[in-house]
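# Remarks on the overall topology
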Amino acid sequence: MTESTGLHSATAAAEPVPAGIDTNTPAISRVYDYLLGGKHNYDVDRQASQAMIDAVRETPLLAKANRAFVRRAVEFLVGEAGIKQILDIGSGLPTAGNVHEIAQSIDPNVRVAYVDKDPIVLAYGRALLSTDDNTTVVTADLRDPDGIFRNADVRRLIDTDEPFAVLLGGVMMHLEDDEDPTGIAARIRAHLPSGGYLVHCGCADPGDPRAKELNRIFAETHMGTRCFRPVDEQLVYFDGLELIEPGFVPANTWRPSPDFPEPDNPAHAMLVAGIGLKP
Ligand SMILES: C[S@@+](CC[C@H](N)C(=O)[O-])C[C@H]1O[C@@H](n2cnc3c(N)ncnc32)[C@H](O)[C@@H]1O
């Protein structure tokens, strides 16, 4: 654990590399894991994270705020909205407070399908879920949303004729403009039945020069060239949906809860979040 950031440094001995995982290029799943204080990361991920932290001290805070919003979103979906099926796209590595654990602590019958393009998520998720019939992990890509809905494992757990929620936590930001994030969000909304929910959160450029600096580092480390999009370019992901109060807002102001890290830090303006309901 480093004194300055409170982040863990895994060693190769402590954390064997799953087969087929490239440890020469940073991966956002593992960088995010490191920023959250996890152990499923390698030197290359820690170096990329450190470049971000050197540029913006609050980078781990943004990661933790993103995760704290995901928790509150799941609590809202299951606890208030009565949702019983969740499709978590760009789910990330298992971490403290996994979506299925939060959901099933409120309603044990909730079904969760995790989807991530990075096979390391499957490698670690499979072990975690080996005894859970209500949860699955699938390796698939958000850039082919219809393919996700055709996936047999997803179809086994998610009945698209019944209300379900799609979580897009910190994943739309990794799509390039020419990959058509607006069109991809529209395809996902088209699969939602009436009563379904779309959750989106991610980095934003509110005009803070630090957002531009982080955008540059994300691009240099192959995480995507437009990770910090203006808020208006992200609001369109909710087109045709009814935004749940308080709307699409900085994540620290979306129904704040006591576990939210440093809620008054102005860096939170660089992270936006919202939930839309399909009427
Ligand atoms: C910042 S993490 C967010 C994890 C989690 N959703 C959360 O909000 O806490 C982004 C995740 O999205 C995944 N990802 C990035 N691009 C993707 C894509 N095109 N399709 C599926 N997953 C993707 C990455 O592998 C990574 O695990």
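In case you missed it, the structure is sitting above this.
Overview of the structure. Since the structure is predicted, the reported quantities are computational estimates derived from the model, not experimental observations. (Residues numbered from 1 in each chain as written. Predicted model: local features only at pLDDT ≥ 70, side-chain atom pairs only at ≥ 80, totals over all residues. Heavy atoms only, no water.)

### With respect to the pairing of strand β2 (residues 111-116)
Here is the rule we go by: The buried label goes to any residue with under 20% of its type's maximum accessible area, the exposed label to any with over 50%, and the partly exposed label to all in between, with areas taken from a 1.4 Å probe on protein chains only. Starting at the N terminus, helices and strands are each numbered in turn, a helix being any DSSP run of H or I of at least four residues and a strand any DSSP run of E of at least two. Pairing between strands is defined by DSSP: at least two bridges between them are needed. Viewed with both strands pointing away, a crossover whose connecting path from the first strand over the helix to the second turns clockwise is right-handed.
Of all six residues making up β2, five are buried, and the element is well covered by its neighbours. Note: strand β1 (residues 85-89) against β2, five bridges, orientation parallel. Among the inter-strand pairings, Gln 85 is bridged to a residue of β2, identified as Arg 111. Handedness of the crossover is the feature at issue here: the chain leaves β1, passes through helix α4 (residues 99-106), returns alongside β2, and the resulting connection is right-handed. Sheet topology note: the β2/strand β3 (residues 135-139) ladder contains five bridges and is parallel.

### With respect to the environment of Phe 248
Our working definition: Whether two residues are in contact is decided by their heavy atoms: any pair within 4.5 Å suffices.
You can see Phe 248 is positioned in the loop between β6 (242-243) and β7 (249-250). Here the alpha-carbon distance between Phe 248 and His 222, two residues 26 residues apart in the chain, equals 27 Å. Those residues in contact with Phe 248, other than ones at most four positions away along the chain, are His 200, Val 231, Gln 234, Leu 235, Phe 238, Leu 243, Val 272, Ala 273 and Gly 274.

### Re the packing of aromatic side chains
For clarity, the cut-off: The rule is short: rings of Phe, Tyr and Trp, with Trp giving its six-membered ring, pair when the centres are within 6.5 Å, and they are stacked under 30 degrees, edge-to-face over 60, tilted in between.
For the coordinates displayed, the defined rule picks out six aromatic pairs. Relative to Tyr 197, the ring of Phe 76 has its centre 5.8 Å away and its plane inclined at 85 degrees; by these criteria the two rings are edge-to-face. In this pair, Phe 76 is assigned in helix α3 (residues 59-80) and Tyr 197 in strand β5 (residues 197-203), connecting sequence segments 121 residues apart. In terms of burial, Phe 76 and Tyr 197 fall into one category: buried.

### Considering the site of the ligand
The line we're drawing: By convention in these notes, a residue is near a molecule or strand provided one of its non-hydrogen atoms lies within 4 Å of it. N or O atoms within 3.5 Å of each other form a polar contact, as long as, within protein, one can give a hydrogen and the other can take it, and as long as residues adjacent in sequence are counted only when both atoms are side-chain atoms. In short, Shrake-Rupley with a 1.4 Å probe defines the accessible areas, and a residue's cover is counted only from the protein chains shown. A 1.4 Å probe that fits into a set of points on a 1 Å grid over the protein atoms alone but cannot get out defines a cavity; an open set with protein on both sides within 12 Å along at least five of seven lines defines a pocket, and lining residues are those with an atom within 4 Å of a point. In this description, a molecule resides in a pocket or cavity if more than half of its atoms sit within 2 Å of the grid points defining it. Note on residue classes: Ala, Val, Leu, Ile, Met, Phe, Trp, Tyr, Cys and Pro are nonpolar, Asp, Glu, Lys and Arg are charged, and everything else, Gly too, is polar.
Contacts to the ligand come from 19 residues, most closely from Tyr 32, Arg 67, Gly 90, Asp 116 and Asp 141. One of the backbone N or O atoms of Gly 90 is found 2.6 Å from a nitrogen atom in the ligand. Contacts to the ligand include Gly 169, whose backbone N or O atom sits 2.8 Å from a nitrogen atom. When the ligand sits alone it has 600 Å² of accessible area, and the protein chains cover 98% of it. Put simply, the ligand lies in the largest pocket. Counting only elements with at least two residues in the shell around the ligand, the list comes to α1 (28-35) and α3. When its residues are assigned to classes, the shell around the ligand shows six nonpolar, seven polar and six charged.

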